[in-house]
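# Working through the structure, step by step
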Amino acid sequence: MQGVGRARQMVRHCQAPGVAKEWRAMSDDSLVVNEIFFSVQGESSWSGLPCVFVRLTGCPLRCSYCDTAYAFREGRRMSRAAILEEVARRARPFREADLRVPGRDGESVRLPLVEVTGGEPLAQAGVLPLLRALCDAGHTVLLETSGALDIRPVDPRVHRIMDLKCPSSGEADRNRWENLEVLRPTDELKFVIGTVEDYEWARDQILGRQLHRLCPILISWVHPLTPAQQDPALKPVPAGQRRLSPRELAERLLADALPVRFQTQLHKWIWPPDQRSV
């Protein structure tokens, strides 16, 4: 019961921004997990492929558009071995048949993908050995991260999908710019854009810093939150910002000839946008 109490205590701590150090202080042989599920990868250059998702609990950020605020607080502590076992169970039909697809560099990609997301997964100390163990098991591993924490310790076999937070998020001051120096061609850099101001900021960062030379760039349109997703802890969109429709965003990308990949969240077009575990 002492371990369970400690896990609940850590979940409570995670409701407030700026608590990454407390999460990293947890034992690295277990993690607080919000959910593990199997679905279609809805974002990034991996979009459309089958994927096992491991969503961890807790995040030090409160982005205005966050659609998984339930992961700020909800979760249960699981050992790394139990997480690996659950991932293996869900991946078994693909692994038994050794199903693969061609990758970008000509090498085959083993299915299903495994993505560790959150919340902010790097806020928990146990995520690093978990990522390493998933790679050791032969999985194609993706990591979704806010870009607010150091990505250098992540196993080099992991495909890191990192945000640069735009102005409407309310968290642009949390960007850890040093992360740009360690991005690899196998990583991806994502800008989540909901307003004209976001677009202009992202365009200036991409061109001014030549970010497209580091790794693929993703431009993701902000899907409006449903009432059920509007958590009171989220930051407000700064006053005076002008919303963009997906069409307006796409037209601006084309007009400015940006070297990026435009995406919407595929799973929100297949299932209700506030449905969990998809």
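The structure this text deals with has already been given above.
So, a few notes on the structure that sits alongside this text.

## Some words on the nonpolar core
- Membership of the largest hydrophobic core comes to 47 residues, with the highest contact counts inside it found for Ile83, Leu189, Phe191 and Ile193.
- Among the elements that make up this core, the one with the highest residue count is helix H4 (residues 127–136) (six residues).
- Among residues more than four places away in sequence, those in contact with isoleucine 83 are Leu31, Val33, Ile36, Val54, Met78 and Leu130.

## Here we look at the pattern of salt bridges
- Tallied over the entire structure, the rule returns 23 salt bridges.
- With its nearest N and O atoms 3.4 Å apart, the salt bridge here joins arginine 110 to aspartate 98. Of this pair, arginine 110 sits in strand S5 (residues 108–110) while aspartate 98 is found in the loop between helix H3 (80–96) and strand S4 (100–102), placing the two residues twelve residues apart along the sequence.
- Residues aspartate 163 and lysine 165 are paired through a salt bridge, measuring 2.8 Å at the closest nitrogen-oxygen approach.
- With relative accessibility at 7%, the residue aspartate 163 sits in the buried group.
- A relative accessible area of 6% places lysine 165 in the buried class.

## Describing the packing of H3 against H4
- Relative to each other, H3 and H4 sit at 40°, their axes nearing to 11 Å. By the angle between their directions, the pair H3 and H4 is classed as oblique. H3 and H4 meet at a crossing whose hand is right-handed. Between H3, through Arg80, Ile83, Leu84 and Val87, and H4, the contact on the second element is made entirely by Pro129, Leu130, Ala133 and Leu134.
- When its residues are assigned to classes, the contact of H3 with H4 shows seven nonpolar, no polar and one charged.

## A closer look at the pairing of strand S9 (residues 188–193)
- Counted residue by residue, S9 has six buried out of six residues, so it is predominantly covered.
- Neither face of S9 is exposed, since Glu188, Lys190 and Val192 on one face and Leu189, Phe191 and Ile193 on the opposite face are all buried.
- Pairing between strand S8 (residues 159–163) and S9: three bridges, direction parallel. Bridge pairing links aspartate 163 to lysine 190 in S9.
- Of the strand pairs in this sheet, S9 and strand S10 (residues 217–221) are connected by five bridges, and their pairing is parallel. Within S10, the position partnered with isoleucine 193 by the bridge is tryptophan 221.

## Description of the side chain of serine 30
- Position of serine 30 among the secondary structure elements: in strand S1 (residues 30–40).
- Judged by its relative accessible area of 8%, serine 30 is buried.
- In this structure the side chain of serine 30 is engaged in a polar contact, spanning 2.7 Å, whose partner is the side chain of arginine 77.
- Sequence-distant contacts of serine 30, that is, excluding residues within four places in its chain, are made with Arg77, Met78, Ser79, Arg80 and Gly126.

## Things to note about the packing of aromatic side chains
- Summed over all chains, the structure comprises four aromatic pairs.
- With a centroid separation of 6.2 Å and an interplanar angle of 55°, the aromatic rings of tryptophan 177 and tryptophan 201 are classed as tilted. Placement of the pair is tryptophan 177 in the loop between S8 and S9 and tryptophan 201 in helix H5 (residues 196–209), with a sequence separation of 24 residues.
- The partly exposed category is assigned to tryptophan 177, whose relative accessible area is 29%.
- An angle of 65° between the planes, with centres 6.2 Å apart, marks the rings of phenylalanine 191 and tryptophan 201 as edge-to-face. On the criterion of sequence distance, the pair formed by phenylalanine 191 in strand S9 and tryptophan 201 in helix H5 is long-range, its members being ten residues apart.
- Through pairs of rings, three or more aromatic residues link up here, namely Trp177, Phe191 and Trp201.
- Over the ring of tryptophan 177 we find arginine 209; its NZ or CZ atom is 4.1 Å from the centre of that ring.

## As for the sheet that holds strand S2 (residues 50–56)
- Taken together, nine strands build an open sheet; the order of strands is S3-S1-S2-S6-S7-S8-S9-S10-S11 and the sheet is mixed. Sheet topology places strand S3 (76–79) and strand S11 (261–263) at the edges, where each strand pairs with a single neighbour. Taking each pair of neighbouring strands and ignoring which way they run, the sheet shows an average axis angle of 30°.

## Considering the environment of leucine 61
- Tracing the sequence through the fold places leucine 61 in the loop between S2 and S3.
- In this structure leucine 61 comes out as buried when scored by relative accessible area, which is 2%.
- With residues up to four places along the chain from it excluded, the contact list for leucine 61 reads Phe72, Ser146, Ala148, Lys165, Glu171 and Arg174.

## A few points about the packing of H5 against helix H6 (residues 246–255)
- Between H5 and H6, the shortest axis-to-axis distance is 11 Å and the interhelical angle comes to 25°. Our classification of the angle between H5 and H6 gives roughly parallel. Read as a crossing pair, H5 and H6 show a hand that is right-handed. Together, Val196, Tyr199 and Glu200 of H5 and Leu249, Arg252 and Leu253 of H6 make up the contact between the two elements.
- Grouping the amino acids of the contact of H5 with H6 by side-chain chemistry returns four nonpolar, no polar and two charged.

What counts, and where the lines are drawn
Residues numbered from 1 in each chain as written. Predicted model: local features only at pLDDT ≥ 70, side-chain atom pairs only at ≥ 80, totals over all residues. Heavy atoms only, no water. Core = buried A, V, L, I, M, F, W, Y, C linked by side-chain atoms within 4.5 Å. Buried < 20%, exposed > 50% of the residue type's maximum accessible area, 1.4 Å probe, protein only. Helix = DSSP H or I, 4+ residues; strand = E, 2+ residues; numbered from the N terminus. Contact = heavy atoms within 4.5 Å. Salt bridge = Lys/Arg side-chain N within 4 Å of Asp/Glu carboxyl O. Axes fitted to C-alpha atoms, helices over the stretch in contact; angles between N-to-C directions. Parallel < 35°, antiparallel > 145°, perpendicular 65-115°, else oblique. Left-handed = near helix turned anticlockwise from the far one by under 90°. Nonpolar A, V, L, I, M, F, W, Y, C, P; charged D, E, K, R; others polar. Pairing = 2+ DSSP bridges. Polar contact = N/O pair within 3.5 Å; in protein donor to acceptor, adjacent residues only side chain to side chain. Phe/Tyr/Trp six-rings, centres within 6.5 Å; stacked < 30°, edge-to-face > 60°. Lys NZ or Arg CZ within 6 Å of the ring centre and 35° of its normal.

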